[in-house]
Amino acid sequence: MLDAEILASIATQMMNGTHVQVQGKTLPVRRTSSQRLRTVTFTIGAGEYTAIEQNPDKPSRWGRLAREGHQVVQFKDNKTNRFVAVSVDGKVI
């Protein structure tokens, strides 16, 4: 089970800095090659996840929020390759 407070903290740190602190580990915030979106890969429990900044050019509701200036971060489970949560302005949905 993912802790919403941890995800919110990761999203906020990722959007405002170059490193993220997760359970005592310091992880670098990287940029994707094509869109230059922020991303960070981290481990919680037995699962590995990736936090990805929302692409504002996408036509989805999350893309619309990003275009409006909100900080939108998607969380993907690397094992199943599915999105498991989203953070909008530090609030996990």
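Please refer to the structure higher up on the page.
Owing to the predicted nature of the structure, the values given are computational and were not obtained by experimental measurement.

Thoughts on the sheet that holds strand 6 (residues 72-77)
- Across the sheet, 6 strands lie side by side as 3-4-5-6-7-8; this open sheet has antiparallel pairing. Every other strand in the sheet has two partners, leaving strand 3 (30-31) and strand 8 (91-92) as the edge strands with one partner each.
- Pairing geometry for strand 6 and strand 7 (residues 82-88), over 6 bridges, is antiparallel. Within the sheet, the bridge partner assigned to Phe75 lies in strand 7 and is Ala85.

Considering unusual backbone geometry
- Here Gln23, not a glycine, exhibits a phi torsion of approximately 45°, which is positive.
- In this fold, Gln23 is placed in the loop between strand 1 (19-22) and strand 2 (25-28).
- With a phi close to 55°, Asp89 is a non-glycine residue in the positive phi region.
- Along the chain, Asp89 turns up in the loop between strand 7 and strand 8.

Let's talk about the pattern of salt bridges
- A full pass over the atoms with the stated rule returns 2 salt bridges.
- Across the salt bridge formed by Arg38 and Glu53, the nearest N and O atoms sit 3.2 Å from each other. Of this pair, Arg38 sits in strand 4 (residues 38-44) while Glu53 is found in strand 5 (residues 47-53), placing the two residues 15 residues apart along the sequence. Both residues of the pair, Arg38 and Glu53, count as buried.

Re the nonpolar core
- Ile10, Met14, Val40, Phe42, Ala51 and Phe75 are the most contacted members of the largest nonpolar core, which has 17 residues in total.
- Looking at this core, the elements that each hand over two or more residues are helix 1 (4-16), strand 1, strand 4, strand 5 and strand 6.
- Tallying contributions element by element places helix 1 first for this core, with 5 residues.
- Other than its neighbours up to four places away in sequence, Ala51 contacts Ile10, Met14, Arg38, Thr39, Val40, Phe42, Val73, Gln74 and Phe75.
- Among the nonpolar cores identified, the runner-up in size contains 6 residues, and Leu65, Ala66, Val86 and Val88 belong to it.

Description of the environment of Val72
- Structurally, the position occupied by Val72 is in strand 6.
- With 10 residues separating them along the chain, Val72 and Trp62 place their C-alpha atoms 6.9 Å apart.
- If near-sequence neighbours (up to four positions away) are discounted, Val72 is found in contact with Ile52, Glu53, Gln54, Trp62, Leu65, Ala66, Val86, Ser87 and Val88.

Reading the values: the criteria
- Residues numbered from 1 in each chain as written.
- Predicted model: local features only at pLDDT ≥ 70, side-chain atom pairs only at ≥ 80, totals over all residues.
- Heavy atoms only, no water.
- Pairing = 2+ DSSP bridges.
- Helix = DSSP H or I, 4+ residues; strand = E, 2+ residues; numbered from the N terminus.
- Salt bridge = Lys/Arg side-chain N within 4 Å of Asp/Glu carboxyl O.
- Buried < 20%, exposed > 50% of the residue type's maximum accessible area, 1.4 Å probe, protein only.
- Core = buried A, V, L, I, M, F, W, Y, C linked by side-chain atoms within 4.5 Å.
- Contact = heavy atoms within 4.5 Å.

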